[in-house]
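Structural overview for review
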Amino acid sequence: MAASSDSDLPHKLILAIGLFLVLVAVAVTAQRVSSLDARVAQADKSLEHFAYANVMLDDLGRERTEAIYLTALKDSAPDEYESRVESTNSIMSVLSTAVADEEWRRSLSDVGRESLNRTRPAVLALGPLREDVRRGTASPEAVVTRYTAVIDSMIAEMGVLIHDRLGETTFGEAFVALATLDDRIGLENALGQVAFAQGWLPEPLRAEFERAIETQQVQRTQYHANTDAAAASALNLAFHRTGTASLTAMRDAVWGSGEEGAVLERSEMIAWSESMRARHNDLSMLRSLRLREETELFEAATRARMRSALLQGVIASVLVLVLMSCALLVLRRQTRPGTASDSGSDGGPAALV
């Protein structure tokens, strides 16, 4: 009985080691798949958050426009401004609730969490700015500068969070360029409408108008440098669709309206506004489309990694089972009665020598 038990020990040991290695392979595979699946789920949730943030950027831009009107045009009523403030606060409340989700926040890297925390000072800066607009103590150029600083801060942190969610990609930089470009189109539109409303654009605002155009050129170049040919073509198409000769002429007229004797035709305000809003709407749609496309690409790549992890786990488990079977087979052959290892036992041929 003892001899039989001793002979079974190597078999049991091989079985135990083999089963342990299979369990390790299964556990590692399950952990990898679970981690990758969580990344896909968090990317989906982040896409929803980014959609809210996109709406917030648009609402902030409209709020800035109404603030410019209120401080630059004497006949502007505060009702429109208050309506825009209410709209911005509403989407900010929705976004704040969304990003307060503890599971989503834990999934961020340290860089992502720091970026999210940096948005708070920008939001808090809106309070004093709005009060200055309401009291009439902020000049139109100060309104432009302070609102634009808040919007730029939000855009920059969105770029960081996109990079944190989607991994090694240049889309974070491309998004910042596209969102900034879109924002400056909105700013150019607002300043142009002020110019057409009063017949000319005062020097401080004319400088802001020129700066908005220069920033568009820089950000358009940045976008092209950080995206593929198809995405760059989509942006070029949006500009081509609205880049009429009349819009170019109106832009030149607004820029030169501060010069002596230059007066703008108020009747052209509608044509200016419609052209600029069409361009802004095209870029806003492109922003949302690119976010969805990049998120879907990330999810597809992550799911491919999940399938690869499952395949590797299955291969590892099968390999362990094959090796374990081979080891047991070799061991059985070595310990089988009548093999060379038993030829010297009592009663065997060697005992007669």
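Above: the structure in question.
This write-up is about the structure you can find in this document. (Residues numbered from 1 in each chain as written. Predicted model: local features only at pLDDT ≥ 70, side-chain atom pairs only at ≥ 80, totals over all residues. Heavy atoms only, no water.)

Here we look at the overall build of the protein chain
Note the following rule: Strands here mean DSSP runs of E at least two residues long; helices mean DSSP runs of H or I at least four residues long; both are numbered from the N terminus. For a compact globule the rule gives 2.2 Å times the number of residues to the power 0.38, and the radius of gyration it is set against comes from C-alpha atoms. For each residue, the accessible area found with a 1.4 Å probe, counting protein chains only, is set against the maximum for its type, and the residue is called buried under 20%, exposed over 50%, and partly exposed in between. Note on contacts: a residue pair is in contact if any heavy atoms of the two residues lie within 4.5 Å. Under the convention used here, a 1.4 Å probe and the Shrake-Rupley method define accessible areas, while residue burial counts only the protein chains that appear. We count Lys and Arg on the positive side and Asp and Glu on the negative side, and we leave His and both chain ends out. Throughout, a charge is located at the NZ atom of Lys, the CZ atom of Arg, the CG atom of Asp or the CD atom of Glu.
Helix and strand counts for the protein chain stand at ten helices and zero strands. When its helices and strands are written in sequence order, the protein chain yields α-α-α-α-α-α-α-α-α-α. Expected size for 353 residues packed as a compact globule is a radius of gyration near 20 Å; at 34 Å, the protein chain overshoots this value by more than 25%. When the backbone C-alpha atoms are referred to their principal axes, the protein chain occupies close to 130 × 40 × 20 Å. By residue count, 42% of the 353 residues in the protein chain fall in the buried class. Taking the contacts inside the protein chain whose residues are at least 6 apart along the sequence as the reference set, 81% of them involve residues at least 24 apart. About 18800 Å² of surface is accessible on the protein chain, with carbon and sulfur atoms providing 59% of the total. Charge separation in the protein chain, taken as the distance between the mean sites of 36 positive and 48 negative side-chain charges, equals 6 Å.

A few points about the pattern of salt bridges
The cut-off we apply is this: The rule for a salt bridge is simple: a side-chain nitrogen of Lys or Arg has to be within 4 Å of a carboxyl oxygen of Asp or Glu.
As enumerated under the stated definition, the model contains 21 salt bridges in all. Of the charged contacts in the structure, one is a salt bridge between Asp183 and Arg184, with a shortest N-O distance of 2.7 Å. Accessibility assignment for this pair places Asp183 and Arg184 in one class, buried.

Brief notes about helix α6 (residues 171-198)
In plain terms, the rule: For a helix, the expected span equals 1.5 Å multiplied by the residue count minus one.
The end-to-end C-alpha distance of α6, which contains 28 residues, comes to 41 Å, matching closely the 40 Å that a straight helix rising 1.5 Å per residue would cover. Within α6, 24 of the 28 residues are buried, leaving the element largely enclosed by the surrounding structure. Once α6 ends, the next one or two residues include Gly199, with phi positive near 90 degrees.

Describing the side chain of Ser46
When you line up the elements, Ser46 lands in helix α1 (residues 2-72). Contact partners of Ser46, with chain neighbours within four places excluded, come to Trp104 and Arg165.

As for the packing of helix α5 (residues 140-166) against helix α7 (residues 203-225)
The test is simple: Whenever a helix is involved, its axis is fitted only over the stretch in contact; in every case the axis is a line through C-alpha atoms, and angles between N-to-C directions fall within 0 to 180 degrees. Geometric relationships in this document are graded by angle, where less than 35 degrees denotes roughly parallel, more than 145 denotes roughly antiparallel, 65 to 115 denotes roughly perpendicular, and other angles denote oblique. For this classification, the nonpolar set comprises Ala, Val, Leu, Ile, Met, Phe, Trp, Tyr, Cys and Pro, the charged set comprises Asp, Glu, Lys and Arg, and every other residue, Gly included, is treated as polar.
Contact pair α5 / α7: the axes reach a minimum separation of 8 Å and the direction vectors enclose 30 degrees. Here α7 runs roughly parallel to α5, going by the angle between their axes. For the pair α5 and α7, contact is made by Pro140, Glu141, Val144 and Thr145 and by Pro204, Leu205 and Glu208, respectively. Here the residues of the contact of α5 with α7 sort into four nonpolar, one polar and two charged.

What about the environment of Thr170?
So the rule is basically this: Contacts described as polar in this section are N or O atom pairs within 3.5 Å, which, within protein, must combine one atom able to donate a hydrogen with one able to accept it, while residues neighboring in sequence count only if both atoms come from side chains.
Residue position: Thr170 is located in the loop between α5 and α6. Thr170 gets classed as partly exposed once you look at its relative accessible area, which sits at 43%. Spatially, the C-alpha atoms of Thr170 and Asn226 are 5.6 Å apart, while their sequence positions differ by 56 residues. Within polar-contact distance, the side chain of Thr170 engages the backbone oxygen of Asn226 at 3.0 Å.

Here's the deal with the packing of aromatic side chains
What counts, and what does not: For this analysis, a ring pair means two rings from Phe, Tyr or Trp (six-membered ring only for Trp) whose centres lie within 6.5 Å, classed as stacked if their planes differ by under 30 degrees, edge-to-face if by over 60, and tilted for the remaining angles. Sitting over a ring, as applied to charges here, requires NZ of Lys or CZ of Arg to be within 6 Å of the ring centre and within 35 degrees of the ring normal.
Counted according to the given criterion, the structure contains three aromatic pairs. Here Phe196 and Trp272 contribute two aromatic rings whose centre-to-centre distance is 5.9 Å and whose plane-to-plane angle is 50 degrees, an arrangement assigned as tilted. Residue Phe196 is found in helix α6, and its partner Trp272 is found in helix α10 (residues 269-335); the two are separated by 76 residues along the sequence. Per residue, the accessibility class of Phe196 equals that of Trp272, and both read buried. On the basis of an interplanar angle of 40 degrees and a centroid distance of 6.3 Å, the ring pair of Phe209 and Trp272 is categorised as tilted. You can see Phe209 sitting in helix α7 and its partner Trp272 sitting in helix α10, a full 63 residues away along the chain. One exposure class covers both Phe209 and Trp272, and it is buried. An aromatic cluster is defined as three or more aromatic residues linked by ring pairs; in this entry it consists of Phe196, Phe209 and Trp272. The aromatic ring of Phe239 is capped on one face by Arg220, whose charged end is 4.1 Å from the ring centroid.

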